[in-house]
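Results of the structural survey
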Protein chains: 2
Amino acid sequence: MTSSPRLPEPEGLREAFWALQQRSADSPEAYAEGPATLHADPDGLLVGHEEVVAALAARPAATDGGRLTAAHVQTIDADHALVVSVTAPAEGGRGQRTQLWARTQDGWRVTAAHATGPAPALDTRVWRVVGDPLVPGASEGPLAGETLAVKDLYALAGHRRGAGNPAWLARAPVEKQHAAVVSSLLDAGADTVGLTRTDELAWSLAGANHHHGTPPNPAAPGRLPGGSSNGSASAVALGHVSIGLGTDTGGSIRVPASYQGLFGIRSTHGAVPRDGLLPLAPSYDTVGWLTRDADLLARVGDVLLPPRPSPRSAELVLCRGLLTEADPEVAAVVEGWADRVGMVVREPFDTGALPAWRQAWSTIQSHEAWQAHGRWLARHLDDLGPDVRGRVEAAAALEPDDVRRATALAATARRRILELVGDRVLVLPAAATVAPRLGVGPAEVARVREATLRLTCLAGLAGLPAVTVPGRTASGLPAGVCLLAAPGRDHDLLDLVRRER
Amino acid sequence: MTSSPRLPEPEGLREAFWALQQRSADSPEAYAEGPATLHADPDGLLVGHEEVVAALAARPAATDGGRLTAAHVQTIDADHALVVSVTAPAEGGRGQRTQLWARTQDGWRVTAAHATGPAPALDTRVWRVVGDPLVPGASEGPLAGETLAVKDLYALAGHRRGAGNPAWLARAPVEKQHAAVVSSLLDAGADTVGLTRTDELAWSLAGANHHHGTPPNPAAPGRLPGGSSNGSASAVALGHVSIGLGTDTGGSIRVPASYQGLFGIRSTHGAVPRDGLLPLAPSYDTVGWLTRDADLLARVGDVLLPPRPSPRSAELVLCRGLLTEADPEVAAVVEGWADRVGMVVREPFDTGALPAWRQAWSTIQSHEAWQAHGRWLARHLDDLGPDVRGRVEAAAALEPDDVRRATALAATARRRILELVGDRVLVLPAAATVAPRLGVGPAEVARVREATLRLTCLAGLAGLPAVTVPGRTASGLPAGVCLLAAPGRDHDLLDLVRRER
């Protein structure tokens, strides 16, 4: 241990530091109590003892163990010192850790830590394959200079489609040609950087892939990224790419956009070709994409969407009933957005039918997923994560009558939703909650999923385009505002967001 | 700015912090004078004001600019405070910076900083393409569980060979089959993680590719990684992979191994098939690989080398004249290794012929590189970095008489080197110097190159196998010990290193 020459090392510090090294440098008990305690690492800054301890407990241990190769002490006074240490793990690289130590009534504690572990070649929570670029786009075009992350459900020539599941990947053929949207984006000049992780078969909204881990949410460290387009969303939020290509069947663009403070669009059902896209539930599957700014969101739309019909302006409507489906802090974000934009009509909405609609949507989605992949899924139940496995088993148990009833109810719902929307733009929460903390239990994940699906199923049932605009709660967490319009009005929503952002 | 509630913020700190934010958080003038000042970032820990300032000046500015989104102050006393700040660059991600500030006689200064910028999807200084894995190896085999980085000179089916130059990459065809050694390693169970950067056409020993930047040297932060197998070497040192496949024509395995504290082997010329390897100078080009441990180095040899002949023990010989070619701190590492191993015979060596031998080696190498690639190079001089361009222009100006004379001298040198080695193992420095600091001028780079080539050309001229063993100088910097033996004795060298490490 090298010590700054000016002052002697404080008594007891060395023992406390070594004791912590013997355990793990991220042991929660090392951190000082109180709201000012800090922990920074490449996944983000955690503030306050409670948040630090919760997040560290939920994360896999940082791989900065290994032989201590240096420890530099800057003594401040008898009760404070900064220790900067370097470790050399057997797996290569270097771990570095800066800790401010203070003598508290409980003994020596860390009040702030900043850790940089040896980083892997690629963050396999976010990506499966990456290149510089992996596939170059055309040298000229409206998207020249933009970079693209492709959800691992779309075909990329020369690569397999992994669908978020190792067993699926292992038997997947090498694709001979790009998915239609990938071709369009390459022709428009965007470079494809790589293939991103997805929840298994896109069948989740949490973004916590059982096999590949949970991508970081840089806008809300210590919280879920949202899924199923989790890899593409994190890649955009992390600044790895400017455009994240995803899909939205039940909210897989809207939820990660909302959790991570991104712009996103789920396009009108059927408006953007799905050739080369692995289906989940064809009646609801749509192409979608995520960006950090509204202008690029619209410019991608200019490339992928059918030609722009004559623009129509629209009355903005906020259905008060839909707000009550969301947590109050999220509802307040939507109210705030409406207040800021102005000219938003408030009207009541009877939410009584929502649970049944959401159930009908779910039944049809499950039925179609089983139709599409049941033969493979039935043989690979043990290869699935527990959450997706549960959904697959429920899908396998569906009776024809369940599906018939759901189909009839979905048709009714579709008519009613199209009437409700009409020529207007509906303003509602993109997700019912902020991003849940990492490590919340299955009950809370299920509550969040249920509440969000009651909102997101509206676009699914009626095939509507849905644009998500990032917002922030009073406590600073991301929460998205969702805009819905009649099918085919994608450009109008994109124009509105570009104007009002 | 959130302040820890316990104490008021020190006077003047806020102004100093903001003034630094207005410039760049890495401005050298912010750092306190003296040997205890620290700067940590993902490229390593810099110690002392001089090293911090030199390295920051040589590096491209860290991309942690952008809007300040949070700053937390932990006040320690009226003259000390820790500031942890978060920035949100327009390009996405988050920059995080922990700074210990102290009031000095010069005003507020940073005595320690730890910065984590938004990381890119992949470190394009090290890699061109990466996958998880990019190409899986056989599920069983002697190298199952190992991971492989492939220098971007070897064919990988489905990918182009980039050779460290963007213009070369742009016109390169997609390879139809793997290079022979890549196939062997995949068959043995190693997963190929990706393709690594190289100096242009492998024609450098510095590891500072003009187009793709200088990979980090985690064993010596702020210093060159060594080349031309720089990407594979950094990938191993960083812990991205366990095996780095490279080439060695004039030291391209030995120099990065020496600079980064790795084990490495340049195999006997012609002993390992070069099918699918882009040539630089076929008379000298060899297959080589790098690892973090001697055992794996030998296990890869078991896969790639011709079957093991009956092992022969050998007398270890340290030629004192060769030590004088290296900087004293490096010579001391070699002496120290010999002392530790014991039973090393010291003998004199007349170094008078070395400059001419090194020149003959260089002339033939340049001539062959021009034969191999002259047509392309002549049309692409403007697409080359200045150092490689200089070598190409010198190669183009060679007269047939130069080549004839060099060839005759090289034949003499080869005989004399083979006689010198005989049945023995020569112990010498792997490179003449430690890794030069980033940002040293071209004159120092040329001196280092010249001095190292006088040592490394011996194996080149005589086609010898060369194994590099990591060592450390008295000041803690990596410096390798090189072991040479007669052609075909690769296994004996690997066994020796495995035994003596």
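Just so it is clear, the structure is predicted and the values come from calculations on it, not from any experiment.

Let's shift gears to the overall build of chain A. The helix and strand tally for chain A stands at 14 helices and 18 strands. A compact globule built from 501 residues would reach a C-alpha radius of gyration of about 23 Å, and chain A, at 24 Å, matches this within 12%. Projected onto its principal axes, the C-alpha positions of chain A cover 75 × 50 × 50 Å. Classification of the 501 residues of chain A by burial places 58% in the buried group.

Taken together, the 53 residues of chain A in the interface contact 53 residues of chain B. Sorting elements by how many residues they give to the side of chain A that touches chain B places strand β8 (residues 127-135) of chain A first, with seven residues. The class makeup of the residues in the side of chain A that touches chain B is 29 nonpolar, 18 polar and six charged.

Cis rather than trans, the peptide bond between aspartate 132 of chain A and proline 133 of chain A has omega equal to -10°. Of note, the amide linkage connecting glycine 227 of chain B to serine 228 of chain B takes the cis form, showing an omega dihedral of 5°. Here serine 228 of chain B shows up in the loop between β10 (191-196) and α5 (230-237). At alanine 163 of chain A, a residue that is not glycine, the phi angle is positive and equals roughly 55°. One can find alanine 163 of chain A in the loop between β9 (147-151) and α3 (166-171). Despite not being glycine, leucine 201 of chain A shows a phi value in the positive range, around 55°. Leucine 201 of chain A sits in the buried class, given 25 other C-beta atoms within 10 Å.

Our focus in this paragraph is the environment of glutamate 500 of chain A. Its place among the elements puts glutamate 500 of chain A in helix α14 (residues 490-500). In this structure, the C-alpha to C-alpha distance between glutamate 500 of chain A and tryptophan 337 of chain A, residues 163 residues apart in sequence, is 9.6 Å.

All names here are of chain A. Partitioning chain A into structural domains gives domain 1 (2-116), domain 2 (127-304) and domain 3 (316-486). Here the C-alpha centroids of domain 2 and domain 3 sit 20 Å apart. Counting residues at the interface gives 43 residues for domain 2, matched by 41 residues for domain 3. Every element with two or more residues in the side of domain 2 that touches domain 3 is listed here: α6 (254-260) and β12 (263-266). Across the side of domain 2 that touches domain 3, the residue classes break down as 19 nonpolar, 20 polar and four charged.

A few words on the pairing of strand β2 (residues 38-41) of chain A. All names here are of chain A. Alternating positions in β2 separate into two faces, Leu38 and Ala40 on one and His39 and Asp41 on the other, with burial throughout. Of the pairings in the sheet, the one linking β2 to strand β7 (residues 107-116) comprises three bridges and is parallel in character. Opposite alanine 40, over in β7, you have histidine 114 as the bridge partner. As judged from the four bridges shared by β2 and strand β3 (residues 44-47), these two strands associate in the antiparallel manner. Residue pairing for β3: aspartate 41 is matched across the bridge by glycine 44. The hairpin formed by β2 and β3 contains two residues between the paired strands.

Before going further, it helps to spend a moment on the relation of the copies chain A and chain B. Least-squares fitting of chain A to chain B yields an RMSD of 0.0 Å, with the superposition described by an axial translation of 0.0 Å and a rotation of 180°. Overall, the copies show the geometry of a two-fold rotation axis. In this assembly the copies share their binding face: 100% of the residues contributing to the interface of chain A also contribute to that of chain B.

Conventions used here
- Residues numbered from 1 in each chain as written.
- Chains lettered and ligands numbered in written order.
- Predicted model: local features only at pLDDT ≥ 70, side-chain atom pairs only at ≥ 80, totals over all residues.
- Helix = DSSP H or I, 4+ residues; strand = E, 2+ residues; numbered from the N terminus.
- Rg over C-alpha atoms; globule rule 2.2 N^0.38 Å.
- Buried ≥ 20, exposed ≤ 12 C-beta atoms within 10 Å, placed from the backbone.
- Contact = placed C-beta atoms within 7 Å.
- Nonpolar A, V, L, I, M, F, W, Y, C, P; charged D, E, K, R; others polar.
- Domains from an automatic or database assignment.
- Pairing = 2+ DSSP bridges.
- Least-squares fit on C-alpha atoms with pLDDT ≥ 70 in both.

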